[in-house]
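The chain contents come next:
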Amino acid sequence: MGEFVDAALGFPAVLFTFLLVVVVGYWILVLLGALDIEALDFDADGDVLGGMGFAGVPVAVTASLLIAIAWFVSLAGTVLFGGVLLLAILALLVALAVAWFATRLLVKPLQRLFPSGPEASRADFVGSVCVIRTGRVSQTFGQAEVTAADGSSAIIQVRQTGTDTFKSGTAALIYEYDADGEFFWVTPVPHPEPHG
């Protein structure tokens, strides 16, 4: 055990040993619920890490992989080349390169697990055409079905301000969302004028 501690605290592994301790502490706090997995996502747009090929995965996951792989490779370099400074520096450079390439390979399949882009919002339906599913729509009652951009459909609460007649199966245009009442304002879909 003493040899392992000596290797972990020898150059170049020592540079990553303390970072690895921080990573392990972070994941313990995540598992205990004290931190969120995205607590370190200071790079929400993926500008820095995205440019390195790591976009689409939380910074904590990417950094953890980078640090763990670099630590392991540098630990092997410390054991193999300990005491020879030039070879230890070479081991450090190899550790960084291997960690970067290995993390890129590991992050690629993980990108599918983490959705990218803005979260869907009810306001996304504004401007869409919906199909009325109730026998009437008034200022206090009505439901319609609307299709989202991803092809999924949802039943929504709709209201109207006028005296238009909506029957089940008719189309309506969603023009506003009322966040307090959690419903959408609709108006009849204007029919195009016939060309004569």
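Predicted model only: the values in this text are computed from it and were never measured. All residue numbers refer to position in the chain's written sequence, counted from 1. Note on the predicted model: pLDDT of at least 70 is required for a residue's local features to be given, and 80 or more for side-chain atom pairs to be given and counted; whole-chain, interface and lining totals, by contrast, use all residues. Heavy atoms from the whole structure form the basis of all side-chain values; hydrogens and water molecules are not counted.

## Some points on the nonpolar core
Nonpolar side chains tend to gather and get buried jointly when the protein is soluble and globular. Formally: To qualify as a nonpolar core, a set must consist of buried Ala, Val, Leu, Ile, Met, Phe, Trp, Tyr and Cys residues joined through side-chain atoms within 4.5 Å. Relative accessible area decides the class of each residue, using a 1.4 Å probe on protein chains only: under 20% of the type maximum gives buried, over 50% gives exposed, and in between gives partly exposed. In this description a helix means any DSSP run of H or I spanning at least four residues, a strand means any run of E spanning at least two, and both kinds are numbered starting from the N terminus. The contact rule is simple, with two residues in contact once any of their heavy atoms fall within 4.5 Å.
Phe16, Trp71 and Leu75 are the most contacted members of the largest nonpolar core, which totals 15 residues. Listing elements by their share of this core, those giving two or more residues are helix H1 (2–8), helix H2 (14–32), helix H4 (59–81) and helix H5 (85–110). The greatest single-element share of this core, amounting to 6 residues, is contributed by H4. Excluding residues that lie within four positions of it along the chain, Phe16 makes contacts with Ile67, Ala70, Trp71, Ser74, Leu92 and Leu96. Counting residues in hydrophobic clusters, the runner-up holds 13 residues, among them Cys130, Val146, Val158 and Phe166.

## So, unusual backbone geometry
For the bond from Phe11 to Pro12, the omega torsion is 10 degrees, close enough to zero to count as cis. Look at Glu182: it is not a glycine, yet its phi comes out positive at around 55 degrees.

## Describing the sheet that holds strand S5 (residues 183–188)
Condition: Strand pairing follows a simple DSSP-based rule, namely that at least 2 bridges must link the two strands. What counts as an axis is a line fitted to C-alpha atoms, over the stretch in contact for a helix, and the angles between N-to-C directions run from 0 to 180 degrees.
Strand order in the closed barrel made by the 5 strands is S1-S2-S3-S5-S4, with mixed pairing throughout. In this sheet, neighbouring strand axes are inclined to one another by 55 degrees on average, regardless of whether the strands run parallel or antiparallel. As paired elements, strand S4 (residues 171–178) and S5 share 6 bridges and run antiparallel to each other. If you follow Tyr177 over to S5, its bridge partner there is Phe184.

## Structural notes on the packing of aromatic side chains
Selection rule: The pairing test for Phe, Tyr and Trp rings, Trp by its six-membered ring, is centres within 6.5 Å, and the orientation test on the planes gives stacked under 30 degrees, edge-to-face over 60, and tilted for anything in between. A ring has a charge above it when a Lys NZ or an Arg CZ is no more than 6 Å from the ring centre and no more than 35 degrees off the ring normal.
According to the stated counting rule, one finds 6 aromatic pairs in the structure shown. Centre to centre, the rings of Tyr177 and Phe184 are 4.7 Å apart; their planes meet at 45 degrees, and the pair counts as tilted. On the basis of relative accessible area, Phe184 is assigned to the buried category, the value being 3%. On the basis of an interplanar angle of 75 degrees and a centroid distance of 5.1 Å, the ring pair of Phe183 and Trp185 is categorised as edge-to-face. One exposure class covers both Phe183 and Trp185, and it is buried. Grouping aromatic residues by their ring pairs yields a cluster made of Phe125, Tyr177 and Phe184. Lying over the aromatic face of Phe183, Arg159 brings its terminal NZ or CZ to 5.2 Å of the ring centre.

## Comments concerning H5
We apply this condition: Expected span, for any helix, means 1.5 Å times one less than how many residues it has.
Between the first and last C-alpha of H5 there are 37 Å, a value that for 26 residues agrees with the 38 Å anticipated at 1.5 Å per step. Of the residues making up H5, those classed as buried are Ala88, Ala91, Leu92, Ala95, Ala99, Thr103 and Val107. In this fold, the buried residues of H5 make contact with H2 and H4.

## Structural notes on the side chain of Ser74
Inspection of the secondary structure assignment puts Ser74 in helix H4. In this structure Ser74 comes out as buried when scored by relative accessible area, which is 0%. Ignoring any residue separated from it by four or fewer positions in sequence, one finds Ser74 in contact with Pro12, Ala13, Phe16 and Ala95.

## Focus on the environment of Val158
By the element assignment, Val158 lies in strand S3 (residues 153–159). You can call Val158 buried: its relative accessible area is 0%. Residues contacting Val158, with those up to four places away along its chain left out, are Ile132, Val137, Ser138, Phe141, Gly142, Gln143, Ala144, Phe184 and Val186.

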